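Observations on the model geometry
Spelled out from the first residue to the last, the chains are:
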Amino acid sequence: MNNLIDATLLKSGSYLNGKWSVEAENNASVTNPATGEVITNLCLSGEQDAQAAIVAANNAFQQWKNTSVKTRFELLKKWFDLIIANKQDLATIMTLEQGKPIAESLGEIDYGASYVEWFAEEAKRVYGDVINLPGQDRQGFVIRQPIGVVAAITPWNFPNAMITRKAAPALAAGCTIIIKPALETPLSALALAELADRAGIPAGVINVIVGQSRVLGKVLTDSTIVRKLTFTGSTPVGKVLIKQCADTVKRTSMELGGNAPLIIFDDADLDKAVDATIASKYRNSGQTCICANRIMVQDSIYQKFVTKLTHKVNEFQLGNGMDKNTTHGPLVSAKAASDVNNLVQQAIKQGAKVQIGGKLSTLGACYFEPTILTHVDSTMDIFGEEIFGPVAPIFKFSNEQEAIDMANNTEFGLASYVFTNDIGRAWRMATKIEYGMVGINEIAIGSEIIPFGGVKESGNGREGSKYGLEDYTEMKYICLGGLGG
């Protein structure tokens, strides 16, 4: 790949027990969604490699769990330094395989690296408790120990950050990990593994297997050695994985689908709300689980908001993510673009009006025009579906209670956003809408230091923050007797 400074970061096979697998049962192509060109041919792993990864991770765990926290910190910090040093190449790989503009890819590398740096430090902070028991002859203690071998199944929309925010806390806690990246974007995962190897992270501590999800996932969920599964992806797939993990009673962390409301009241700073809508809804061409999925605007400012938003969206430049003038790239695949188009056409049939966009672009099969829909309501399919594309349906509401009811009228509960200058209303909304995360006059809610996660059918567990580390540990109670007294 001529675009890379260091071409050795481009790998084409699984990373097992510190070695690159070049023998495969099947092969597949990784293509650039902007052009359709083949980036590389990939060697796919099957059940045998998955089993080998489990054995390697388990063997490595026996030593890694006893490695000092200082050593874990040092190795994770070296990994972080190498990620930052190779940021340009990592971003290029991401844009070529995923499609997002290079500026967004560069931002994701920084974001992903922040989890490695954060959890390197948090490795030193796995604390316990002392419990004063009745009587003088006993003392109680609570300690936290690494849960064991972890399996991580990661998505294509953030192919770097969704890995680091799982792998970093796992390693910091003393666990080893097997990563199964999405087949659309495996190259980012493999490049991260190469940098982990260069950082000196021991063989078997990190393993990356690339292959068909239905094959590899079943091996990981059936294994009695794998003690935790962490997954980011759709709610239907998450439910299947939870069921598959039930037989071995695995710990699960699930970051699943979203249907985020962005609620704008008539006392909000309208220009700020429009800019926030742009940043949230159209980031990564709408392919994010926390992007605004339903823009809900109070009826008295509805038309003014639509006019301002349309003016901004009209300035977007759709194109190849490697072009510095591109503001929004293609969707990850032709199927993704087709799915978005089907949802929009269905909304139009149900009465929605296209303010701007509304169709597949002539640029290629993976491109969909940035779109605004008006005259939408809660009876339409688009109200309940996660769009995962650059489509902003603008809904009306009349009062606070109606906004709350509309926001909660979904099985999802990941992220939500409220724009108002009334502090009492802000608090009421934050406490009454059923979401794991609420941004008040702010959409930039993601960070390595916050507990990222949802409620209801948006999943369980938290990623980032001190709580994200706890998700990779088991609590053990120790009663020490025979103390006399």
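Report on the accompanying structure. All residue numbers refer to position in the chain's written sequence, counted from 1. In view of the model being predicted, local features appear only for residues whose pLDDT reaches at least 70, and side-chain atom pairs are presented and counted only at 80 or more, with totals across whole chains, interfaces and linings using the full set of residues. Side-chain measures were taken over the full set of non-hydrogen atoms in the model, leaving aside hydrogen atoms and water.

Considerations on the pattern of salt bridges
- Salt bridges, as used here, are contacts in which a Lys or Arg side-chain nitrogen is within 4 Å of a carboxyl oxygen on Asp or Glu. Taken as a whole and assessed by the stated rule, the structure comprises 24 salt bridges.
- Residue Asp 137 pairs with Arg 138 through a salt bridge whose shortest N-O separation is 3.9 Å.
- A relative accessible area of 37% places Arg 138 in the partly exposed class.
- Across the pair Lys 218 and Asp 222 runs a salt bridge, and its minimum N-O distance is 2.8 Å. One end of the pair, Lys 218, and the other, Asp 222, are both in helix α7 (residues 213-222), four residues apart, so they sit about a helical turn from each other.
- Note on classification: 1.4 Å probe, protein chains only; a residue is buried when its accessible area is under 20% of the maximum for its type, exposed when over 50%, partly exposed between these limits. Asp 222 gets classed as partly exposed once you look at its relative accessible area, which sits at 41%. Here a helix means four or more residues in a row that DSSP labels H or I, a strand means two or more in a row labelled E, and each is numbered from the N terminus.

Regarding a negative patch on the surface
- Like charges are joined within 9 Å and nonpolar side chains (Val, Leu, Ile, Met, Phe, Trp, Tyr) within 5 Å, but only among residues with over 30% relative accessible area and no salt bridge; these make up the patches. Note on areas: these come from Shrake-Rupley sampling with a 1.4 Å probe, and a residue is covered only by the protein chains present in the view. Charge counting treats Lys and Arg as positive and Asp and Glu as negative, with His and both chain ends excluded. Charged side chains are reduced to one point each, which is NZ for Lys, CZ for Arg, CG for Asp and CD for Glu. Together, Asp 266, Asp 299, Glu 402 and Asp 405 make up a region of like negative charge exposed at the surface.
- Examined against the element boundaries, Asp 266 turns out to sit in the loop between β12 (260-264) and α9 (270-281).
- The partly exposed category is assigned to Asp 266, whose relative accessible area is 39%.

Remarks on the nonpolar core
- Here, the term nonpolar core denotes a set of buried Ala, Val, Leu, Ile, Met, Phe, Trp, Tyr and Cys residues that are joined through side-chain atoms within 4.5 Å. Ranked by size, the top nonpolar core spans 61 residues in total, and within it Trp 79, Ile 83, Leu 171, Ile 177, Ile 206 and Val 208 carry the most contacts.
- Leave out the neighbours within four places in its chain, and Ile 83 touches Leu 90, Ile 109, Ala 113, Val 116, Leu 192 and Leu 195.
- Within the second largest apolar cluster, 34 residues are counted, among which are Ala 260, Ala 268, Val 313 and Leu 414. Two residues form a contact once any of their heavy atoms are found within 4.5 Å.

Here we look at the pairing of strand β13 (residues 292-298)
- Burial analysis of β13 places seven of its seven residues in the buried class, the great majority of the element.
- A pair of strands counts as paired when DSSP detects no fewer than two bridges linking them. Inspection of the sheet shows β12 paired to β13 by five bridges, in the parallel sense. Pairing of Ala 260 across the sheet is with Ala 292, part of β13.
- Crossover handedness is defined here as right-handed if the route from the first strand over the helix to the second strand goes clockwise, with the strands pointing away from the viewer. On the question of chirality, the crossover connecting β12 to the parallel β13 by way of α9 is right-handed.
- One ladder, built from four bridges, connects β13 with strand β16 (residues 391-397); its direction is parallel.

Observations concerning helix α1 (residues 47-64)
- By this rule, a helix spans an expected 1.5 Å times one less than how many residues it contains. Helix length check: α1, at 18 residues, gives a terminal C-alpha distance of 25 Å against a target of 26 Å (1.5 Å per residue), a fit within 8%.
- Three or more residues of α1 are buried, namely Asp 49, Ala 50, Ala 53, Ile 54, Ala 56, Ala 57, Ala 60, Phe 61 and Trp 64.

A short note on the packing of helix α2 (residues 69-85) against helix α5 (residues 161-173)
- Interaxial distance between α2 and α5 falls to 9 Å at its minimum, and their mutual angle equals 160°. Between α2 and α5, the crossing angle belongs to the class labelled roughly antiparallel. Relative to α5, α2 is oriented so that their crossing is right-handed. Note on element contacts: α5 touches α2 through Ala 167, Ala 168, Leu 171, Ala 172 and Ala 173, opposite Arg 72, Leu 76 and Trp 79.
- Residue polarity is assigned by list, with Asp, Glu, Lys and Arg as charged and Ala, Val, Leu, Ile, Met, Phe, Trp, Tyr, Cys and Pro as nonpolar; anything else, Gly included, falls into the polar class. Tallied by class, residues from the contact of α2 with α5 come to seven nonpolar, no polar and one charged. To obtain an axis, a line is fitted to C-alpha atoms, over the contacting stretch when the element is a helix, and the angle between two such axes runs from 0 to 180 degrees between their N-to-C directions. Should an angle fall under 35 degrees it is called roughly parallel, over 145 degrees roughly antiparallel, and 65 to 115 degrees roughly perpendicular, with every other angle called oblique. When the near helix sits turned anticlockwise from the far one by under a right angle, the crossing is termed left-handed; a clockwise turn instead gives a right-handed crossing.

So, the sheet that holds strand β18 (residues 437-440)
- With mixed pairing, the seven strands of this open sheet are ordered in space as β14-β15-β16-β13-β12-β17-β18. Looking at which strands have only one partner, the edges of the open sheet turn out to be β14 (353-356) and β18. The average undirected angle you get between the axes of adjacent strands in this sheet is 25°.
- Alignment of strand β15 (residues 371-374) against β16, held across three bridges, turns out to be parallel. Paired with Ile 372 across the bridge in β16 is Ala 392.

Let's talk about α7
- Residues of α7 that are buried: Leu 216, Gly 217, Val 219, Leu 220 and Thr 221.
- On the buried face of α7, the contacting elements are α1, β7 (149-153), β8 (176-180), β10 (226-232) and α8 (235-246).

Here we look at the sheet that holds strand β6 (residues 139-146)
- Read from one edge to the other, the open sheet built from three strands follows the order β5-β6-β20, with strand pairing classed as antiparallel. The sheet is open, and its two borders are formed by β5 (129-131) and β20 (473-480), each paired with just one other strand. Going across the sheet, the axis of each strand differs from the next one's by a mean of 25°, ignoring polarity.
- Note: β5 against β6, three bridges, orientation antiparallel. By the bridge assignment, Val 130 is partnered in β6 with Phe 141.

Here we look at the state of the cysteines
- Cysteine sulfur atoms are paired as a disulfide whenever they come within 2.5 Å of each other. Within the structure shown, the criterion is met by zero disulfides.
- With no disulfide partner, Cys 245 has as its closest neighbouring cysteine sulfur the one in Cys 175, 15 Å distant.
- When its relative accessible area of 2% is taken as the criterion, Cys 245 is described as buried.

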